[in-house]
Amino acid sequence: MESPFTYILITLFFSSILLSIIFYMTWQTMGKQKYALMFSLSFLASTVLWANALFKSLFLSHNLYWMIGCSVSMLSVLLGTWGHCLRTNTPFHPAILLVFGIIGMALTYFFTFISPHLGLRMSLYLYIDVVLLMITSVVIIKHRKQPRPAEIGASIMHFLFAGCLFIAASIALFQGNVFDAELVKLYSIVNFTALPAAYVGMSVFVIYMLASDLAEEMKLLAMTDSLTNCLNRRGFYIQAKQKMIELQNQGQHICLIYWDIDKFKTINDQFGHAGGDQVLISISELIKQHIKKDDLMGRMGGEEFVILIDRTCYEDATHVAERLRTMIQNTPIHFGEQRIRISASFGVVELGEKDISIEQAINLADNALYKAKSSGRNKVVFS
Ligand SMILES: Nc1nc2c(ncn2[C@@H]2O[C@H](COP(=O)(O)OP(=O)(O)OP(=O)(O)O)[C@@H](O)[C@H]2O)c(=O)[nH]1
């Protein structure tokens, strides 16, 4: 009858293989994101770690088995940390991670071969793993102002995993240089009960986190206009509704600018559809640079756009629209060797009252735009 620890190791071995395959497939299918490959390699290193522990009786030297175990343990954590830094664009240079690995290996080598010390050799590399897991936990939670539930879970699980390793390392260290059967038993209990649970929990949360990244990306795609990268009609309505509720509850002024490129049909006729597309791309890019980051801009269809500007009364919004109108008029669009001169008309509406809906506001702004068009175009009209 094998020890129960052997069965736990076998389970961990197969779980790690599966996780490595899952992350490899994620890397293949989710645009070859480097971090997914790092996670796959990290779990591959874990697989070697568990296999090493399973087959330790085959090693001629216990020290060799120990050095391999420590190396792959640190490699696995290093790759995981690196993956999380890549996912969150944290500017953490891989060389710094490498230094952690080299220090861990050097210390373990020193206390295994040069000046043998049981407690230090068993614990120091684990403390380095703890530091790396703590860094990962912070990197995940600090990534966004408002972390998603999957990120909160993954961060907590990394923290718990680090906590379990810290306890295991400290028990090992308390032995000093003399083998202590009682402490080693305690060390094994932590290693084979709390640690595997935290390890599996952490892995599942990382998968959940990548799935929620994908869901978020899909949501964003469904709300984005593929030509201009502005919000599309649906996206604009969703975000504008949220913003209006927020700002109206704070008693803030909000204005809506509805604008439309003049005689766009003629541009298409003169420069072809590709020329028309270039105008739409360049002009929306230009406008985005001339409004605040918090302002919402959406393409309502064709050559019609809408901008929701907050904390602004109608006078300011009319000034903004006038500024944009002049800028459009004075900025020719580059289309190959050609320069396309355009103008646009604007309708502005202030949404002061609480009970006005975004649909009603757009209708009012559209009416103002219609007046701007019918009175000669290249104008700003306030509703
Ligand atoms: N290139 C291009 N053209 C588009 C796109 N969507 C709509 N259009 C064209 O935009 C033109 C809009 O024409 P109209 O609605 O008559 O408006 P207009 O010519 O700008 O005239 P006014 O608005 O009255 O100044 C149509 O010819 C559409 O085919 C697009 O994504 N790309």
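Note on numbering: residues in each chain are counted from 1, in written sequence order. In keeping with the predicted nature of the model, local features appear solely for residues at pLDDT of at least 70, side-chain atom pairs appear and are counted solely at 80 or more, and the whole-chain, interface and lining totals rest on all residues. In computing side-chain properties, one takes all heavy atoms of the structure into account and sets aside hydrogens as well as water.

Visitor: How should the overall build of the chain be read in this particular structure?
Guide: Of regular secondary structure, the chain possesses 12 helices and seven strands. For the chain, whose C-alpha radius of gyration is 30 Å, the value lies well above the compact-globule estimate of 21 Å for 383 residues. If one aligns the C-alpha atoms of the chain with their principal axes, the spans along those axes are about 95 × 50 × 35 Å. Burial status follows relative accessibility: with a 1.4 Å probe on protein chains alone, a residue under 20% of its type maximum counts as buried, one over 50% as exposed, and anything between as partly exposed. Sorting the 383 residues of the chain into buried and exposed places 47% on the buried side. Here, two residues are considered to be in contact whenever any of their heavy atoms come within 4.5 Å of each other. The long-range fraction of contacts in the chain, counting pairs at least 24 apart against all pairs at least 6 apart in sequence, stands at 72%. Only the protein chains shown count as cover for residues, and the accessible areas themselves come from Shrake-Rupley with a 1.4 Å probe. Here the chain displays about 19,600 Å² of accessible surface, and carbon together with sulfur accounts for 64% of that area. Counted as positive: Lys and Arg. Counted as negative: Asp and Glu, with His and the chain ends omitted from the count. Positions of charges follow a simple convention, taking NZ of Lys, CZ of Arg, CG of Asp or CD of Glu. One finds the centroid of the 31 positive side-chain charges in the chain at a distance of 3 Å from the centroid of its 29 negative side-chain charges. Per the convention used, a helix needs a DSSP run of H or I reaching at least four residues, while a strand needs a run of E reaching at least two, with both numbered from the N terminus. C-alpha atoms define the radius of gyration in this analysis, and the globule rule sets the expected value at 2.2 Å times the number of residues to the power 0.38.

Visitor: Help me understand the side chain of D260 in this model?
Guide: With respect to the element layout, D260 can be found in strand β1 (residues 254-261). Apart from the residues lying within four places of it in its own chain, the contact partners of D260 are E303, E304, A344, S345, L369 and K373.

Visitor: I keep staring at the pairing of strand β3 (residues 304-310) and nothing clicks. Help me out?
Guide: Successive side chains on a regular strand alternate, one facing one side of the sheet and the next facing the other. For β3, the tally of buried residues reaches six of seven residues, placing the bulk of the element in the interior. Paired strands, in this sense, are two strands between which DSSP finds at least two bridges. Both strand β2 (residues 296-301) and β3 contribute to a ladder of five bridges, which runs antiparallel. What sits directly across from R299, in β3, is F305. Between β2 and the antiparallel strand that follows it, β3, lie two residues; G302 among them carries a positive phi value of about 45°.

Visitor: Explain the packing of aromatic side chains to me, please; I cannot follow it from the model alone.
Guide: The geometry of an aromatic ring pair is captured by two quantities: the separation of the ring centres and the angle between the planes. Stacked, tilted and edge-to-face are the three classes assigned to paired rings of Phe, Tyr and Trp, where Trp is represented by its six-membered ring and a pair needs centres within 6.5 Å; plane angles under 30 degrees give stacked, over 60 edge-to-face, the rest tilted. Scanning the entire structure with this criterion turns up 17 aromatic pairs. Centre to centre, the rings of W50 and Y199 are 5.5 Å apart; their planes meet at 85°, and the pair counts as edge-to-face. You can see W50 sitting in helix α2 (residues 34-54) and its partner Y199 sitting in helix α8 (residues 194-222), a full 149 residues away along the chain. Classification of W50 as buried rests on a relative accessible area of 16%. A relative accessible area of 6% means that Y199 is categorised as buried. Ring pairs connect the aromatic residues F23, Y35, F39, F43, W50, F161 and Y199, which therefore count as one cluster. Ring-over charges, as used throughout, are those where CZ of Arg or NZ of Lys falls within 6 Å of the ring centre and within 35 degrees of the ring normal. It is K32 that lies over the ring of W27; its NZ or CZ is 4.7 Å from the centre.

Visitor: Would you explain the confidence of the model for the chain in this entry?
Guide: Close reading of the predicted structure is inappropriate where its pLDDT is low. Every residue gets a pLDDT, meaning the predictor's confidence in that residue, from 0 to 100. Taken over all residues, the pLDDT of the chain has a mean of 91, while the share at 70 or more is 98%. Reported confidence for the predicted complex is 0.93 by ipTM and 0.77 by pTM.

Visitor: Can you walk me through the domain arrangement of the chain in this structure?
Guide: Reports of interface size often rely on the accessible area that becomes lost once the parts have come together. Annotation comment: domain bounds sourced from an automatic or database domain assignment. Here the chain is described as being made up of domain 1 (4-220) and domain 2 (233-382). Centre-to-centre separation of domain 1 and domain 2, based on C-alpha positions: 52 Å.

Visitor: Help me out: how do you make sense of the sheet that holds β2 in this one?
Guide: For sheets, the rule is that strands pair by backbone hydrogen bonds, running either parallel or antiparallel. With mixed pairing, the five strands of this open sheet are ordered in space as β2-β3-β1-β6-β7. Single-partner strands in this sheet number two, and they are β2 and β7 (380-382). Ignoring which end each strand starts from, the neighbouring axes of this sheet average 20° apart. Pairing of strand β6 (residues 344-350) with β7 involves three bridges; the strand directions are parallel. Considered in β7, the bridge of F346 is made with V380. Across the face of the sheet, helix α9 (residues 233-249) comes into contact with β1, β2 and β3 while running at roughly 140° to β2. Angular values range over 0 to 180 degrees, each being the angle between N-to-C directions of two axes fitted as lines to C-alpha atoms, with helices fitted over their stretch in contact.

Visitor: What's the story with the packing of α9 against helix α12 (residues 358-374) in this structure? I'm lost.
Guide: A pair of packed helices is characterised by two quantities: the angle between their axes and the separation of those axes. The N-to-C vectors of α9 and α12 enclose an angle of 105°; their axes lie 10 Å apart at closest approach. One way to sum up the angle between α9 and α12 is to call them roughly perpendicular. Within the contact between the two elements, α9 uses F236, Y237, A240, K241 and M244 and α12 uses I358, E359 and I362. Note on residue classes: Ala, Val, Leu, Ile, Met, Phe, Trp, Tyr, Cys and Pro are nonpolar, Asp, Glu, Lys and Arg are charged, and everything else, Gly too, is polar. Residues belonging to the contact of α9 with α12 are distributed by class as follows: six nonpolar, no polar and two charged. For this classification, under 35 degrees means roughly parallel, over 145 means roughly antiparallel, 65 to 115 means roughly perpendicular, and everything else is oblique.

Visitor: How should I be thinking about the environment of C85 in this particular structure?
Guide: Tracing the backbone shows C85 in helix α3 (residues 62-87). Judged by its relative accessible area of 3%, C85 falls in the buried class. Put simply, C85 and Y35 are 50 residues apart on the chain and 8.1 Å apart in space, counted from C-alpha to C-alpha. With residues near it in sequence (within four places) discarded, C85 still touches T90, F92 and V139.

Visitor: Looking at this structure, I do not really get unusual backbone geometry. What am I missing?
Guide: Peptide bonds are mostly trans, and most non-glycine residues show a negative phi. In the Ramachandran plot, K32 falls in the positive-phi region, its phi being about 45° despite a non-glycine side chain. Mapping K32 onto the fold places it in the loop between α1 (4-29) and α2. A relative accessible area of 48% places K32 in the partly exposed class. One non-glycine residue, K263, lies in the positive phi region at around 45°. With respect to the helices, strands and loops of the structure, K263 is situated in the loop between β1 and α10 (264-289). Overall, the relative accessible area of 51% leaves K263 in the exposed class.

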